[in-house]
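What follows is the residue order along each chain.
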Amino acid sequence: MADSKEESSLNKNVPRFNGMNFATWRPTMHAYLQMIGAWRLTNGTAAFPVDAADRAAWRLLNDRACGSMSLSLRPHYNHLVLEEHTNPGPPVVISAGARRTWDSLNACFGAIGTAGVFSNFSTAVKFKIHERDDVPAKLGELDGLFNRITALNLAENLRAMIMLSALLDSWDQLASTLLGTITLANLTPATIIPRIHEESTRHKEHSSSSNHLNIIKQTGVTNALTTYDGYDEEDFAHMEDYNDETASNSVDITFPTLNPPAEEARNFFLEGIHSGTICPNGF
C-alpha cells in the first residue's frame, strides 16, 4: 500500500472531474485506486470478507476509495458517490460503495452513454498540442479520442480540421498551407498526417542543428570538434586568421586540410556564419 506522501502526490495527478473530461479522469483514477490497493474492491473482484477483522479492513479501504473519488469530483457530481449497499437475499450480498460509485460514473459518462460521448467529443475539440509535446504521439492520442466517439459519425474533413486546430500556434503557416492546397472533399486525417509528420521531423532536425551551434558558440572549436571525429583544430585555423576589419563583404570559406572537404562540416559552419551564430573571426 502506498504511504501518505505517495498518495498525496498521486491524488494531485488525478484531474478534477468536471463532467467533460471522463476520458482522462477514468484512467488516472483507476491508476490511483490501484496504487492505494483499492482497485479490486472497486471493480468488484474483492468480495465482502467473512472474517470480522477482514471486514473492518475492507470497509476502511472502501471508505478511502469513495473519499478519493469524491474529492476528485466537482461538488455537483458528489451525488454519484454511493454508500455500501446490502441486498438481503438470499443470498446476502454486500456491495462496496466504491464499486457502486465507479459503476454509476461509468453509466453516466462512459463511452456508451450520451454523456460519455459528449465528454470525449468536448475533450477532442479542445485538444491542444504544446511546444514540448511529441507531435506524432499527441496526434495518436487525439485519434484515440475519435475512436471513442464513432457513434457521432464525424465527417473525415471535420476530424482533419480538429487535428489542424490542435496544432501548435507556431504551426499556423502549415495549417494555412494545407487548407489552401487541399480541397474540402480531400481534407482527411490520411492526407494531412503525413505532412504534419514531415513538419515534425523538420523541426526536430532544426532543433538538433541549433543545439550543435549553441555548443560550438559556448565551448569553442576545440571542444566542439568532438562532434567531428577525425578533424583537428588546425583544420579550422584559417577562421581565426580572418580579419573582420579588412575583409570584404564576401569571402570564400575553404577547409585546406580536408581532402575532399567534408560536406557536413562545411555546410554546418556556412550555416552558422550566414545566420550570425558563428563569426569568422572567432566565437
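Before any of the text, the structure's been laid out above.
Source: prediction; values computed, not measured.

Observations concerning the layout of surface pockets
Phase 1 of the analysis: In this structure, the second largest pocket encloses a volume near 160 Å³.
Phase 2 of the analysis: In terms of lining residues, the second largest pocket is bounded by 12 residues, among which Ala47, Phe48, Ile94, Ser95 and Arg99 are the most central.
Phase 3 of the analysis: Per-element accounting of the lining of the second largest pocket gives the leading share, three residues, to strand β2 (residues 93-95).
Phase 4 of the analysis: Residues belonging to the lining of the second largest pocket are distributed by class as follows: nine nonpolar, two polar and one charged.

Some remarks on helix α6 (residues 114-125)
Phase 1 of the analysis: Between its first and last C-alpha, α6 extends 17 Å over 12 residues, near the 16 Å set by a 1.5 Å rise per residue.
Phase 2 of the analysis: Those residues of α6 that sit buried are Gly116, Val117, Ser119, Asn120, Ser122, Thr123 and Ala124.

Details of the environment of leucine 139
Phase 1 of the analysis: Turning to its location among the elements, leucine 139 is positioned in helix α7 (residues 135-148).
Phase 2 of the analysis: Along the primary structure leucine 139 and proline 189 are separated by 50 residues, whereas in three dimensions their C-alpha atoms are 9.9 Å apart.
Phase 3 of the analysis: The residues contacting leucine 139, other than those within four sequence positions of it, are Ile129, Met163, Ile196 and His197.

A few points about the nonpolar core
Phase 1 of the analysis: Ranked by internal contacts, the top residues of the largest apolar core, which has 27 residues, are Val135, Leu142, Phe146, Leu167, Ile192 and Ile196.
Phase 2 of the analysis: Of all elements in the fold, only α6, α7, α8 (156-166), α9 (172-181) and α10 (189-224) reach the threshold of two or more residues within this core.
Phase 3 of the analysis: Residues Val14, Phe17, Trp25 and Phe109 belong to the second largest nonpolar core, which totals 26 residues.

A short note on the packing of α6 against α7
Phase 1 of the analysis: α7 packs onto α6 with a crossing angle of 150° between their chain directions and a minimal axis gap of 9 Å. In this view, α6 runs roughly antiparallel relative to α7, as classed from their interaxial angle. Considering only the axes of α6 and α7, their crossing is left-handed. Facing Asn120, Thr123 and Ala124 of α6, the residues of α7 in contact are Leu142, Leu145, Phe146 and Arg148.
Phase 2 of the analysis: Here the residues of the contact of α6 with α7 are counted per class, giving four nonpolar, two polar and one charged.

A few points about the packing of aromatic side chains
Phase 1 of the analysis: Under the criterion given, the structure shown has 10 aromatic pairs.
Phase 2 of the analysis: Note on phenylalanine 48 and tryptophan 58: the rings are 4.9 Å apart at their centroids and 85° apart in plane angle, and the pair reads as edge-to-face. On the criterion of sequence distance, the pair formed by phenylalanine 48 in the loop between α3 (39-42) and α4 (52-71) and tryptophan 58 in helix α4 is long-range, its members being 10 residues apart.
Phase 3 of the analysis: Given the relative accessible area of 17%, phenylalanine 48 is considered buried.
Phase 4 of the analysis: Judged by its relative accessible area of 8%, tryptophan 58 is buried.
Phase 5 of the analysis: Aromatic ring contacts, followed pair by pair, group Phe17, Phe22, Trp25, Trp39, Tyr77, Trp102 and Phe109 into a single cluster.

Criteria and thresholds
Residues numbered from 1 in each chain as written. Predicted model: local features only at pLDDT ≥ 70, side-chain atom pairs only at ≥ 80, totals over all residues. Heavy atoms only, no water. 1 Å grid on protein atoms, 1.4 Å probe; cavity = no way out; pocket = protein on both sides within 12 Å on 5 of 7 lines; lining within 4 Å. Points joined across faces, edges and corners; volume = space filled by probe spheres on them. Helix = DSSP H or I, 4+ residues; strand = E, 2+ residues; numbered from the N terminus. Nonpolar A, V, L, I, M, F, W, Y, C, P; charged D, E, K, R; others polar. Expected span 1.5 Å × (residues − 1). Buried < 20%, exposed > 50% of the residue type's maximum accessible area, 1.4 Å probe, protein only. Contact = heavy atoms within 4.5 Å. Core = buried A, V, L, I, M, F, W, Y, C linked by side-chain atoms within 4.5 Å. Axes fitted to C-alpha atoms, helices over the stretch in contact; angles between N-to-C directions. Parallel < 35°, antiparallel > 145°, perpendicular 65-115°, else oblique. Left-handed = near helix turned anticlockwise from the far one by under 90°. Phe/Tyr/Trp six-rings, centres within 6.5 Å; stacked < 30°, edge-to-face > 60°.

Functional significance is not addressed by these values, which are geometric in nature.
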